[in-house]
Amino acid sequence: MAEEKKYTTVSIPKPLYDKIKVRIEGTGFTSVSDYVTYVLREVLASLEEEEKEEVFTEEEEEKVKERLRALGYLD
Amino acid sequence: MVSKPHGGRLVRRLVAERTRERILSEQKEYPHVQIEHGRAIDLENIAHGVYSPLKGFLTSDDFESVLDHMRLSDDTPWTIPIVLDVREKTFDEGDAILLYYDDLPIARMHVEEIYTYDKREFAVKVFKTDDLNHPGVARVMNMGDYLVGGEIELLNELPNPFAKYTLRPVETRVLFKERGWKTIVAFQTRNVPHLGHEYVQKAALTFVDGLFINPVLGRKKKGDYRDEVIIKAYETLFEHYYPKDAATLATVRYEMRYAGPREAIHHAIMRKNFGATHFIVGRDHAGVGDYYGPYEAWDLFGEFPDLGITPMFIRESFYCRKCGGMVNAKICPHDKEFHVHISGTKLRKMIMTGEQPPEYMMRPEVFEVVRSFENPFVE
Ligand SMILES: [Zn+2]
């Protein structure tokens, strides 16, 4: 596998950068990039959680229920 | 709602019956590769979505990303490398091969990549040590020199003496839904339950709809409880002490890595795939010896805001004579002299000699069941 670039650069306003820099002092975050990555992951994950959950086909679900009943997990 | 599968979709790598028959009838045309028990179990877990979003064994870009960043190359949290090692190259990239466990063809694999790796680096990054006394390190050092990455399709289930208790993620998801549980806390165990476990589970259950006890079955160390003993003990505990509409028991087969903090995250991901929304992380979770700090696993969860399952950190519990019940350091104000810690080693000894443990250590019904086995321990 060829070595790909694992990081890229995005721009944020300088005053925001400075604010974050102060904010992360004494926390576990070692850089503004670390902090920004953390926050973006958190935001994206919470957006994804709101998406509709995966549903099984009715036929599939019925089959699963049958097995669960046979094993005594469902009445 | 139950948790979304990790990475978004529940993976299922099973083939239609006709395809399966065709592949099996053409067995001789494929290169054969023997795999060991632990890898066969990984394969089963991939196929049934326990390891979603993995569709096979890791290719090098994912492998390196897991070692360096604890994430797959697409940024999905993933802490334990799920890899297939071979000692010799008897096939090429692009080949389809059949994987055998004992004499059973269990899967077809599409070989995307064959690559080499540094075993010491693997050990140090995953286990934080290269000490051969660590069972996970010893296993890695003994692996073949090549890793094979690519997607798999399951052809045969492995023989399973506990099929009755084996539920797949697709099944637990339907079960939780049918029971009307929206929040589910999962508990991972390899032990016969004592009062400390029960306290932790019930403390967690107080805040959610359902409790999912998920014992890990599989190859064990000498002196561990045998699988059937763990199951019987929990059956008994459920019968006498657990609310029927709020707790359930199902097993999963999995080979422990003893990777401490990294493995705690992996255990949580597996339970997320089963549909759990919460996961109990114990003291020294998945640790062995003194390689990891007792609460190091708790800290690591802080690095995964996008894990998609909520860890529940419940302190070690003990019996306090003054409180008159099971407590933990956070809620009991009394001196150490009143505390009785439940030691697994001590319980083992009592079980072996037939000495009845006090009721604040182990439920008498559970003790009876364990004692009814001629030898409850792995030899
Ligand atoms: Zn107390």
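Residues numbered from 1 in each chain as written. Chains lettered and ligands numbered in written order. Predicted model: local features only at pLDDT ≥ 70, side-chain atom pairs only at ≥ 80, totals over all residues. Heavy atoms only, no water.

By the naming in an unreviewed UniProt entry, chain B goes by Sulfate adenylyltransferase and is assigned to Thermococcus radiotolerans. Per UniProt, the comment on chain B under Catalytic activity (unreviewed entry) is "sulfate + ATP + H(+) = adenosine 5'-phosphosulfate + diphosphate". The record in UniProt for chain B states the following under Pathway (unreviewed entry): "Sulfur metabolism; hydrogen sulfide biosynthesis; sulfite from sulfate: step 1/3." (UniProt positions renumbered as here; feature names shortened; annotations may be inferred.)

Labelled according to an unreviewed UniProt entry, chain A appears under the name CopG family transcriptional regulator, originating from Thermococcus radiotolerans.

**Student:** Before we go on, may I ask you to explain the coordination of the zinc ion in this structure?
**Tutor:** Coordination angles at a metal have ideal targets, namely 109.5 degrees for four tetrahedral donors and 90 or 180 degrees for six octahedral donors. All names here are of chain B. In the first shell of the zinc ion, the protein supplies Cys 320 (SG), Cys 323 (SG), Cys 332 (SG) and His 334 (ND1), at 2.1 to 2.3 Å from the metal. Around the zinc ion, the four donor atoms are arranged such that angles at the metal cover 101 to 117 degrees; this shape is classified as tetrahedral. Mapped onto the sequence, the donors of the zinc ion take the spacing C-x2-C-x8-C-x1-H. Residue Cys 320 is classed as buried on the basis of its relative accessible area of 0%. Using a relative accessible area of 35% as the deciding quantity, one classes Cys 323 as partly exposed. (Donors = N, O, S within 2.8 Å, 3.2 Å for Na, K, Ca; no water. Tetrahedral: all angles 85-135°; square planar, octahedral: opposite > 155°, others 65-115°. Buried < 20%, exposed > 50% of the residue type's maximum accessible area, 1.4 Å probe, protein only.)

**Student:** How should I be thinking about the pairing of strand 13 (residues 310–313) of chain B in this particular structure?
**Tutor:** Both faces of the sheet carry side chains from a regular strand, because those side chains alternate between them. Summarising the sheet, strand 12 (residues 278–281) of chain B and strand 13 of chain B pair through four bridges and their orientation is parallel. Residue His278(B) lies in a different strand from strand 13 of chain B, and its bridge partner there is Thr310(B). (Pairing = 2+ DSSP bridges. Helix = DSSP H or I, 4+ residues; strand = E, 2+ residues; numbered from the N terminus.)

**Student:** Please explain the confidence of the model for chain B as it appears in this structure.
**Tutor:** Do not read the predicted coordinates in detail wherever pLDDT is low. Overall, the prediction assigns chain B a mean pLDDT of 95, with 100% of residues at 70 or greater. Scored by ipTM, the complex comes to 0.87, with pTM at 0.95. (pLDDT = per-residue confidence, 0-100.)

**Student:** What is the right way to read the domain arrangement of chain B from this model?
**Tutor:** Where interface size is given, it is often the accessible area lost as the parts come together that is meant. All names here are of chain B. The domain architecture assigned to chain B consists of domain 1 (17–154) and domain 2 (163–255 + 315–378). Using C-alpha coordinates to define each centre, domain 1 is positioned 32 Å away from domain 2. Across the contact, 13 residues belong to domain 1 and seven residues belong to domain 2. Interface of domain 1 and domain 2: buried area, both sides summed, is about 940 Å²; carbon and sulfur atoms make up 50% of it. Run the count over domain 1 and domain 2 and you get three salt bridges. Between Glu 44 and Arg 253 there is a salt bridge, and its shortest N-O distance comes to 3.1 Å. Where domain 1 touches domain 2, the interface holds four residue pairs in polar contact (both at pLDDT 80 or more). Considering every element that reaches the side of domain 1 that touches domain 2, the biggest residue donor is helix 2 (residues 37–47), with six residues. (Domains from an automatic or database assignment. Contact = heavy atoms within 4.5 Å. Buried area = accessible area lost by both parts, 1.4 Å probe. Salt bridge = Lys/Arg side-chain N within 4 Å of Asp/Glu carboxyl O. Polar contact = N/O pair within 3.5 Å; in protein donor to acceptor, adjacent residues only side chain to side chain.)

**Student:** Would you mind showing me how to read the UniProt feature "domain: ATP-sulfurylase PUA-like" (unreviewed entry) in chain B here?
**Tutor:** Using the residue numbers shown here, the UniProt feature "domain: ATP-sulfurylase PUA-like" (unreviewed entry) corresponds to residues 4–156 of chain B. This span, residues 4–156 of chain B, is 30% helix and 22% strand, and a straight line between its end C-alpha atoms measures 27 Å.

**Student:** Which parts of the structure should I look at to understand empty space enclosed by the protein?
**Tutor:** Think of a ball as big as a water molecule: rolled over the atoms, this probe shows where empty space is left. Residues and elements named next belong to chain B. Per the counting criterion, the structure on display carries one cavity of 30 Å³ or more. Within this model, the largest cavity holds a volume of roughly 50 Å³. Taken together, Glu 44, Asn 45, Val 50, Thr 166, Leu 167, Arg 168, Thr 251, Val 252, Arg 253 and Phe 274 make up the full set of residues lining the largest cavity. For the lining of the largest cavity, the secondary-structure elements that each account for two or more residues are helix 2 and strand 11 (252–253). When the residues that make up the lining of the largest cavity are grouped by side-chain class, the tally is four nonpolar, three polar and three charged. Each of domain 1 (17–154) and domain 2 (163–255 + 315–378) gives at least three residues to the lining of the largest cavity. (1 Å grid on protein atoms, 1.4 Å probe; cavity = no way out; pocket = protein on both sides within 12 Å on 5 of 7 lines; lining within 4 Å. Points joined across faces, edges and corners; volume = space filled by probe spheres on them. Nonpolar A, V, L, I, M, F, W, Y, C, P; charged D, E, K, R; others polar.)

**Student:** I keep staring at the interface of chain A and chain B and nothing clicks. Help me out?
**Tutor:** Tallying the contact residues gives 22 residues for chain A and 34 residues for chain B. Both sides of the chain A and chain B interface together cover about 2,500 Å² of buried area, and 56% of this is carbon and sulfur. Connecting chain A to chain B are five salt bridges. Contributions of two or more residues to the side of chain A that touches chain B are made by helix 2 (32–50) and helix 3 (58–70) of chain A. Here the side of chain A that touches chain B is built from residues that sort into 10 nonpolar, no polar and 12 charged.

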